[in-house]
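# Examination of the molecular architecture
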Amino acid sequence: MTEHLVDPDVPRDLHAFIAGLPKAELHVHHVGSASPRIVSELAARHPDSMVPTDPEALVDYFTFTDFAHFIQVYLSVVDLIRTPEDVRLLTYEVARDMARQQVRYAELTITPYSSTRRGIDERAFMDAIEDARKTAEADFGTVLRWCFDIPGEAGLESAEETARLATDDRLRPEGLVSFGLGGPEIGVARPQFKPYFDRAIAAGLHSVPHAGETTGPQTVWDALTHLRAERIGHGTSSAQDPKLLAHLAERRIPLEVCPTSNIATRAVRTLDEHPIKEFTRAGVLVTINSDDPPMFGTDLNNEYAVAARLLGLDERGLADLAKNAVEAAFLDEPGKARIRDEIDTYTSSWLAAS
Ligand SMILES: [Zn+2]
């Protein structure tokens, strides 16, 4: 457990319970998961970049003054991913960091457009992520699946390219399960992406756009209506619309909640004002996620600790929260049952010992 991530309002033994709890993560970005350890390895490969190679200096480098600074740092890390081998290393090392937190299954959001646009060969890119996925599963036991997302700020050209990469049978990687839309929401209306989501859905992919992170509940409605969203990335502003909450609850459409990220991006002012309680009270299926963990100074275990505090959860409540993510995963039933059983076995033996 990283010492700075110990929430003083959460009992230490609950932190220890979380650290060992088997988990699934559904909303976490590929480049955004590059920890100082990984960035330092990548920066050492590309000494001409401005990114420091010393992990301690990197902790300062990752301390953001504002959102614009965050974007600047994020893009400097994107710029370190220049070769298929960089892609492979990043993906494999992210899985190692996940395994250390007992993540058994993760849907990693990848933006292939950022790499192919930078000149990485598309075939080599797909081979690199697939090689990392298979090796990571064999080495760490963590099962990875992909969500290819459109970087909304890059416009419809990037949507076309992402849809092509996700649906072309000769390119589409075996681990791909879903299609997403990220980036800023202001000025990037969801409905314009309908044709690309239609193509992805027709090709058998699940629809998981970000919506309602920095704009109002109408964006979530748009994602549901036009993009046929099966889960919503963030969906924070849904709390402003009781009809929407009732709809999400009734249709069992999960929200991918990332509490610390919402504070870092100023989508929510303080953790105590986070609407997660409204979501659970309305019966919405809430999953806990870390988004861009090292960049927001968090990790998945810390997000569970935050949720425990905000929702007043004990061990059983946390186990149920972990099972929500399993339920909402695009994983087959035997795979889900395996993780659920692991969660139950772990929780009962923990409670029996305490
Ligand atoms: Zn995100």
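Our structure's up above, just so we're on the same page.
Computed from a predicted structure; not experimentally measured.

Before going further, it helps to spend a moment on the sheet that holds strand S3 (residues 143-151). As summarised here, the arrangement of the 5 strands in space is S1-S2-S3-S4-S5, forming an open sheet in which the pairing is parallel. The outermost strands of the open sheet, each flanked by one partner alone, are strand S1 (23-29) and strand S5 (206-207). Inspection of the sheet shows S3 paired to strand S4 (residues 176-182) by 6 bridges, in the parallel sense. Paired with Trp146 across the bridge in S4 is Leu176.

To continue, consider the pattern of salt bridges. Going through the model one piece at a time under the given rule, you end up with 29 salt bridges. Across the salt bridge formed by Arg45 and Glu85, the nearest N and O atoms sit 3.3 Å from each other. Note that Arg45 is positioned in helix H2 (residues 36-45) and Glu85 in helix H5 (residues 84-100), a separation of 40 residues in sequence. By relative accessible area, Arg45 is classed as partly exposed at 34%. The class of Glu85 is partly exposed, set by a relative accessible area of 35%. Ionic pairing is found between Arg269 and Glu273, a salt bridge with its closest N-O pair at 3.3 Å.

Evaluated as defined, the whole model comprises 6 aromatic pairs. Seen in terms of ring centroids, Phe179 and Phe197 are 4.9 Å apart; in terms of plane orientation they differ by 75 degrees. Their pairing is edge-to-face. In this pair, Phe179 sits in strand S4 while Phe197 sits in helix H9 (residues 194-202), placing the two residues 18 residues apart along the sequence. Each member of the pair Phe179 and Phe197 is classed as buried. Residues Tyr346 and Trp350 carry aromatic rings whose centres are separated by 6.1 Å and whose planes lie at 40 degrees to one another, so their mutual orientation is tilted. Within this pair, Tyr346 and its partner Trp350 are both found in helix H16 (residues 333-353), separated by 4 residues, close to a single helical turn. A relative accessible area of 18% means that Tyr346 is categorised as buried. What links up through ring pairs into an aromatic cluster is the set Phe17, Tyr346 and Trp350. One residue, Lys23, lies across the ring of Tyr304, its end atom 5.9 Å from the ring centre.

Reading the values: the criteria
Residues numbered from 1 in each chain as written. Predicted model: local features only at pLDDT ≥ 70, side-chain atom pairs only at ≥ 80, totals over all residues. Heavy atoms only, no water. Pairing = 2+ DSSP bridges. Helix = DSSP H or I, 4+ residues; strand = E, 2+ residues; numbered from the N terminus. Salt bridge = Lys/Arg side-chain N within 4 Å of Asp/Glu carboxyl O. Buried < 20%, exposed > 50% of the residue type's maximum accessible area, 1.4 Å probe, protein only. Phe/Tyr/Trp six-rings, centres within 6.5 Å; stacked < 30°, edge-to-face > 60°. Lys NZ or Arg CZ within 6 Å of the ring centre and 35° of its normal.

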